[in-house]
Amino acid sequence: MAQVSLRGITKIFPRGVVGVKDVTLGVENKEFMVFLGPSGCGKSTTLRIIAGLEEATKGDVYIGDKLVSNLPPKDRNIAMVFQNYALYPHMNVYNNMAFGLKLRKYAASEIDRRVKEAAGILGLGKLLERRPRELSGGQRQRVAVGRAIVRKPLVFLFDEPLSNLDAKMRVQMRTEINRLHIKLQATMIYVTHDQTEAMTLGNRIVVMNEGVIHQIDTPAVIYGKPINKFVAGFIGSPPMNFVKGKIIKKNSKFYFDETGGRIKVKIVDEMMPKLESYVGKEIIFGIRSEDIYDKLFVSEAPPENIVTMACEVVEPMGSEVYLHLSSGKHALIAKVGGHENPPINQDMDLVFDMSKIHFFDKDTERTIV
């Protein structure tokens, strides 16, 4: 079994810089887990500690039932795919993939079988005699993945493997890695700062910032029920819109009122109990861009959910259009259908889907509802 368990992992660099702080989590056998966060959040450091390329200041790493914290990388039965491919330029594809097996004294027939099997999985069969300089970026990355596959490790580790590829190639390689996980049924841990990669690849996502885990859950839960403002703002494209204001109560109903701005909307009854203690207090309102609609394309909308805002910039994105809006105090983005032709530098009526809004505590930034 290839579970990975991290127990209280902390990494403190020279001069007291904390890279990772008390990380505890478990990766299940055959799971595809993605570490996601901005640059410098500790995700690559955590991966390198799993691999044995970095030593934890404290805490333990288990692979299966085996404590591996003091083992060198070669004895952990893992394979790592790096951002920069790390191929030997003087060797052809076949020998790059076979090199690790030769070091471990595998029989020539077994090496040949494994290399050709991996080449078949990755579509490299016709490229085995080429050298890295004769390959595209995507082909080089497939070779790096193939070199990991032939090892038949317990765990695959990917450290931002697609960041050097262009947008089209990233989409193709993302699909290939997904297929590879399904085919191999292997345990994979993947590090990225790209939330699209995380959402499309991961069975679960670990969202990190400043060396701390903020949330671990499925992509759907991370997106729909973020635990705090950081997670809500990091996941989603465009990012979630945030507006500061107050909860007010009128005729036994609750409203959100953007102080000094145009946004005043009625809160759905189901959310009222959790907001009772915030009446009259400042709070953070969050709404995703796809939950703001052009009123012209909504058949029925409660008047209290309609907000008039100025459309300052329009960004056509093909099948979608991004509207950059101003409430007078806050800037928001709405994502509407590409067929729409919104006015520029004019006020427009918008409908807020109040069943999908989020509220965050102003001081702790934790999710309230």
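The structure presented is a predicted model; accordingly, all values stated were derived computationally and were not measured. (Residues numbered from 1 in each chain as written. Predicted model: local features only at pLDDT ≥ 70, side-chain atom pairs only at ≥ 80, totals over all residues. Heavy atoms only, no water.)

**With respect to the packing of helix α2 (residues 93-103) against helix α3 (residues 108-122)**
Here α2 crosses α3 at 135 degrees, and the two axes come no closer than 10 Å. The angle between the axes of α2 and α3 places the two elements in the oblique class. Viewed along their axes, α2 and α3 form a crossing whose handedness is right-handed. Residue-level contacts link Tyr94, Met97, Ala98, Leu101 and Lys102 of α2 to Ile111, Asp112, Arg114, Val115, Ala118 and Ala119 of α3. (Axes fitted to C-alpha atoms, helices over the stretch in contact; angles between N-to-C directions. Helix = DSSP H or I, 4+ residues; strand = E, 2+ residues; numbered from the N terminus. Parallel < 35°, antiparallel > 145°, perpendicular 65-115°, else oblique. Left-handed = near helix turned anticlockwise from the far one by under 90°. Contact = heavy atoms within 4.5 Å.)

**What to know about the sheet that holds strand β7 (residues 155-159)**
Pairing within the open sheet is mixed, and its six strands lie in the order β6-β7-β8-β3-β9-β10. Edge positions in the open sheet fall to β6 (78-81) and β10 (212-217), since each of these has one partner strand only. The mean inter-strand angle of the sheet, taken between neighbouring strand axes irrespective of direction, is 15 degrees. The pairing of strand β3 (residues 32-36) with strand β8 (residues 187-192) spans five bridges and is classified as parallel. Residue pairing for β8: Val34 is matched across the bridge by Tyr190. Its contacts with the sheet put helix α4 (residues 137-149) on β6 and β7, and the angle it makes with β6 is roughly 175 degrees. (Pairing = 2+ DSSP bridges.)

**Section: the nonpolar core**
Across soluble globular proteins, you tend to see nonpolar side chains buried next to one another. Counting residues in hydrophobic clusters, the biggest one holds 45 residues, and the most contacted among them are Met97, Val115 and Tyr190. Not counting residues up to four positions away in its chain, the partners in contact with Tyr190 are Phe32, Met33, Val34, Phe35, Phe158, Pro161, Leu162, Ile177, Glu197 and Leu201. Grouped together as the second largest cluster of nonpolar side chains are 31 residues, Ile287, Ile292, Ile357 and Phe359 included. (Core = buried A, V, L, I, M, F, W, Y, C linked by side-chain atoms within 4.5 Å. Buried < 20%, exposed > 50% of the residue type's maximum accessible area, 1.4 Å probe, protein only.)

**What to know about helix α5 (residues 167-184)**
The end-to-end C-alpha separation of α5 is 26 Å, in line with the 26 Å expected for 18 residues at 1.5 Å each. The complete set of buried residues in α5 reads Met173, Arg174, Ile177, Leu180 and His181. All buried residues of α5 project into a common sector of 125 degrees when viewed along the axis, lining one side. Turned more than 90 degrees from where α5 packs its buried face, Lys168, Arg179, Ile182 and Lys183 sit exposed. Those residues of α5 hidden inside the fold are in contact with β3, α3, α4, β8 and α6 (195-201). (Expected span 1.5 Å × (residues − 1). Arc of directions from axis to C-beta.)

**Quick look at the pairing of β8**
The element β8 is largely enclosed, with a buried count of six among its six residues. Burial of the side chains of β8 extends over both faces: Thr187, Ile189 and Val191 are buried on one face and Met188, Tyr190 and Thr192 on the other. Strand direction decides the pairing type here: β7 and β8, joined by five bridges, are parallel. Its bridge partner being in β8, Asp159 is matched across the sheet by Val191. The parallel pair β7 and β8, bridged by α5, forms a crossover whose chirality is right-handed. (Right-handed = clockwise from strand over helix to strand, strands pointing away.)

**Some points on the pairing of strand β12 (residues 253-257)**
Direction of pairing for strand β11 (residues 241-250) relative to β12: antiparallel, over a ladder of five bridges. Bridge pairing in β12 links Ile248 to Tyr255. Joining the antiparallel neighbours β11 and β12 is a turn of two residues, in which Asn251 adopts a positive phi near 55 degrees. Judged from the three bridges that link them, β12 and strand β13 (residues 264-266) form a sheet pairing that is antiparallel. Bridged to Phe256 within β13 is Val265. The antiparallel pairing of β12 with β13 creates a hairpin that spans six residues between the two strands, and Gly260 there sits at a positive phi of about 75 degrees.

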